[in-house]
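Residue strings, one per chain:
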Amino acid sequence: MSAVPILSSATAPEAPDAQLLRQCALRRAQLARRIADAGGGVALVPTAPERMRNRDADYPYRHDSYFYYLSAFTEPHSLLVLEVERDGSSRSTLLCRPKDAEREIWDGVRFGPEAAREAFGFDAAGSIEEIDALLPRMLLDRGAVWWPFGVHEGLETRLQGWLQAVRAQARAGHHAPTAQQDLCAALDEMRLFKDDYELQVMRRAAEISSEAHRRAMRAAGAAAPQELREYHLEAELLHAFRRGGAQAPAYGSIVAAGANACILHYRAGNALLRRGSLCLIDAGCELDGYASDITRTFPVGGRFSGPQRELYEIVLDSQRAAIEATRAGARFTDPHEAALRVLAQGLLDTGLIARSAAPDVDAVLHTGAYRRFYMHRTSHWLGMDVHDCGEYSEPGEAPRMLPDGARVPAARVLRPGMVLTIEPGLYVRAAADLPEAYHDIGIRIEDDVLVRAQGDCEVLTLQAPKTVADIERVMEG
Ligand code: GLY
Ligand code: MN
Ligand code: MN
């Protein structure tokens, strides 16, 4: 092949966002301070591997969240190394795929180390193919090595190999790191608090997902075709995600017709959406590495029946109570407890829980009778991963001891910048002892909320219709 320079614009990968790069540099500096405080060392942050789906067809590639958080780099076969001195000064090195004209014709353009260093602002860069020569040099005479424990298959074994290569130089007076630290613990705590850049992306992801839910509601509204199946609505969601600029769903979309809504991890299947029955959709897009997570439940055809509406209003009231309980200074479990009280009252009022079994709300909660109808938690952290990282117990606070000796961890105190979901539900599987009008009704309502300094929370997913009136209005059109 001749060596004529190629001038096509396809040879230039897209430049990263400047604000994101500034944030990544700040995050690396923050991590470096943490490592310096512990005596200095080297952090190794690999990205995710490419995964084969079947024969030579691979799954769509998704970078590792920790790696992206510190680098903004999305190419596979990459590793970030952060060398940190005791005084907090640090040097970042990206190892990535070298330029390869032949491979780039097949797989797409790559930055290559030099252009990546320049574009992303690393101190140095090298070829990932040199990793076994470079890593022992970077680990030489360092006190500690920090890496994400239990995340990357095979990393521990490779690290042992690099450490052995360092130890082989002992007679020349060099030593290998004597301590290993879990990088996840340090990064999880940082990732739990979203910065302005992250919130900007998460708000947009929430908007796109809200539009996707509106689109699915419209498709299942008054003008819905006779044959409307779960996968038809999944197609509407995917359309809205991509049209809005999101790269992918953040998790497998749930589109559950009727009784399928009572299966918590159901996925969009083939089932027919029967007019007059409920449909539960739990779906959210991933935009620029950040997830959204929304659940809405609506009647196919656009009108709630009496019993559907009755249960729906209970779940909605419980969700309102949970959102009201979500504020800085409250505990992570407070929204759950607020939701539970409303659900428990509703279960008594509808007769789903007999007063003979539990006479009042406290008894419903104490006996756990509600668990037959509500068996999951109300919240989880949300961020780059849909079930995002971050401790659920308050660091440094001792667990509470119960009389039977069980230890109950102190729930995390909510603070500004944390993002979590609020997602109560009720699931009534058909059973002889339950009023028939409620059989096979599954309802969940899920929003994404940001804890704010103002003493309340911002609902990021407000644009997804939620009240009975709003849902029926959207579905009329
Ligand atoms: N979609 C997963 C969840 O709601 O937690
Ligand atoms: Mn969800
Ligand atoms: Mn969720």
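Residue numbers run consecutively from 1 along every chain, following the written order of its sequence. Chains and ligands are labelled sequentially in the order written, the chains with letters from A and the ligands with numbers from 1. Since the coordinates come from a predicted model, pLDDT governs what is reported: local features require at least 70, and pairs of side-chain atoms require 80 or more to be given and counted, while whole-chain, interface and lining totals use all residues. Calculated side-chain values reflect all of the structure's heavy atoms, with hydrogen atoms and water omitted.

(A) Representation of the site of ligand 1 within the structure. Within the structure, ligand 1 sits among Tyr251, Asp282, Asp293, His380, His387, Glu423 and Glu446. Between N or O atoms, a polar contact is any pair within 3.5 Å; within protein, one atom must be a potential hydrogen donor and the other a potential acceptor, and residues adjacent in sequence are included only when both atoms are from side chains. Note that a nitrogen atom of ligand 1 is positioned 3.2 Å from one of the side-chain N or O atoms of Asp282. Contact distances for ligand 1 include 2.7 Å between an oxygen atom and a side-chain N or O atom of His387. Accessible surface is estimated by sampling points in the Shrake-Rupley manner with a 1.4 Å probe; for residues, cover comes only from the protein chains shown. In the complex, the protein chains occlude 82% of the 190 Å² of accessible area that ligand 1 would expose alone. Each residue is assigned to one of three groups, with Ala, Val, Leu, Ile, Met, Phe, Trp, Tyr, Cys and Pro labelled nonpolar, Asp, Glu, Lys and Arg labelled charged, and all others, Gly among them, labelled polar. In the shell around ligand 1, the residues fall into one nonpolar, two polar and four charged. Summary of the distance rule: residues count as near a molecule or strand when at least one heavy atom falls within 4 Å of that molecule or strand.

(B) The coordination of the manganese ion (ligand 3), seen in detail. Binding of the manganese ion (ligand 3) to the protein goes through Asp293 (OD), His380 (NE2), Glu423 (OE) and Glu446 (OE), at separations of 2.0 to 2.2 Å. Sites may look incomplete, because water is not among the atoms used; the donor set itself consists of N, O and S atoms within 2.8 Å of the metal (3.2 Å for Na, K and Ca). Every angle between 85 and 135 degrees makes a four-donor site tetrahedral, while opposite donors more than 155 degrees apart, with all other angles between 65 and 115, make a four-donor site square planar and a six-donor site octahedral; other sites are irregular. Each of the six donor atoms bound to the manganese ion (ligand 3) contributes to angles spanning 51 to 155°, and the resulting shape is irregular. If you list the donors of the manganese ion (ligand 3) from N- to C-terminus, the spacing comes out as D-x86-H-x42-E-x22-E. Taken as a pair, the manganese ion (ligand 3) and the manganese ion (ligand 2) show a spacing of 3.3 Å, with Asp293 coordinating each metal. One end of the pair, His380, is in the loop between α12 (361-367) and β15 (400-401); the other, Glu446, is in the loop between β19 (441-444) and β20 (447-451), with 66 residues separating them in the sequence. As far as the burial class goes, His380 and Glu446 line up, both buried. Strands here mean DSSP runs of E at least two residues long; helices mean DSSP runs of H or I at least four residues long; both are numbered from the N terminus. Note on exposure labels: buried denotes an accessible area under 20% of the residue type's maximum, exposed denotes more than 50%, and partly exposed covers the range between, all computed with a 1.4 Å probe on protein chains only.

(C) Structural view of the packing of helix α1 (residues 18-37) against helix α7 (residues 183-192). As a packed pair, α1 and α7 sit with axes 11 Å apart at the nearest point and diverge in direction by 130°. Classified by the angle their axes make, α1 and α7 are oblique. For the pair α1 and α7, the crossing hand works out as right-handed. Here Arg27, Gln30, Leu31 and Arg34 of α1 lie close against α7, whose contacting residues are Leu183, Ala186, Leu187 and Met190. Grouping the constituent residues of the contact of α1 with α7 by class yields five nonpolar, one polar and two charged. Only C-alpha atoms enter the line fits that serve as axes; for helices the fit covers just the stretch in contact. Angles between N-to-C directions range over 0 to 180 degrees. By the definition adopted for this analysis, an angle is roughly parallel if under 35 degrees, roughly antiparallel if over 145, roughly perpendicular if from 65 to 115, and oblique otherwise. For a crossing to be left-handed, the near helix must be turned anticlockwise from the far one by less than a right angle; the clockwise case is right-handed. It only takes one pair of heavy atoms within 4.5 Å for two residues to be counted as in contact.

(D) Looking closely at the coordination of the manganese ion (ligand 2). Around the manganese ion (ligand 2), the protein contributes the donor atoms Asp282 (OD), Asp282 (OD), Asp293 (OD) and Glu446 (OE), at 2.0 to 2.4 Å from the metal centre. Taken together, the six donor atoms coordinating the manganese ion (ligand 2) span angles of 57 to 168° at the metal, a pattern that classifies the geometry as irregular. Ordering the donors of the manganese ion (ligand 2) by residue number gives the pattern D-x10-D-x152-E. Residue classification places Asp282 among the buried positions, given a relative accessible area of 7%.

(E) Geometry of the pairing of strand β8 (residues 179-182). Pairs of strands are assigned from DSSP output, requiring at least two bridges between the strands. In this sheet, β8 lies alongside strand β7 (residues 144-147) in parallel orientation, the contact comprising four bridges. Within β8, the position partnered with Val145 by the bridge is Gln180. Looking down the strands as they point away from the viewer, one classifies a crossover as right-handed if the path from the first strand across the helix to the second runs clockwise. For the segment spanning β7, helix α6 (residues 155-167) and β8, crossover handedness is right-handed.

(F) Structural detail: the sheet that holds strand β14 (residues 294-299). Read from one edge to the other, the open sheet built from three strands follows the order β10-β11-β14, with strand pairing classed as antiparallel. Two strands bound the open sheet, and with one partner strand each, they are β10 (254-257) and β14. Neighbouring strand axes in the sheet, compared pairwise and without regard to direction, differ in orientation by 10° on average. In the sheet, strand β11 (residues 278-283) pairs with β14 via six bridges, with the strands oriented antiparallel. Its bridge partner being in β14, Leu278 is matched across the sheet by Pro299. Those strands touched by helix α9 (residues 230-243) are β10, β11 and β14, and its axis lies near 150° from that of β10.

(G) Structural context of α9. If you check α9, its first and last C-alpha atoms are 20 Å apart, about what 14 residues at 1.5 Å a residue would give, namely 20 Å. Among the residues of α9, Glu230, Leu233, Leu237, Ala240 and Phe241 are the ones counted as buried. Looking straight down α9, one finds its buried side chains confined to an arc of 105°; they lie on one side. Within α9, the exposed residues directed more than 90 degrees away from the buried face are Arg242 and Arg243. Looking at the buried residues of α9, the elements they touch are α8 (196-219), β9 (248-249), β10, β11, β12 (285-287) and β14. Of the residues trailing α9, Gly245 is marked for its positive phi of about 100°. By this rule, a helix spans an expected 1.5 Å times one less than how many residues it contains. Within this analysis, the arc is defined by the directions that extend from the helix axis to the C-beta atoms.

(H) Focus on the sheet that holds β8. As summarised here, the arrangement of the six strands in space is β6-β5-β4-β1-β7-β8, forming an open sheet in which the pairing is mixed. Two strands in the sheet have a free side with no partner beyond their single neighbour: β6 (124-127) and β8. With direction set aside, neighbouring strand axes in the sheet form an average angle of 20°. Pairing of strand β5 (residues 90-96) with β6 involves four bridges; the strand directions are parallel. When the bridges of β6 are listed, Leu94 appears paired with Ala125. Together, β1 (41-46), β4 (79-84), β5 and β7 form the strand contacts of α1, whose direction differs from that of β4 by roughly 50°.

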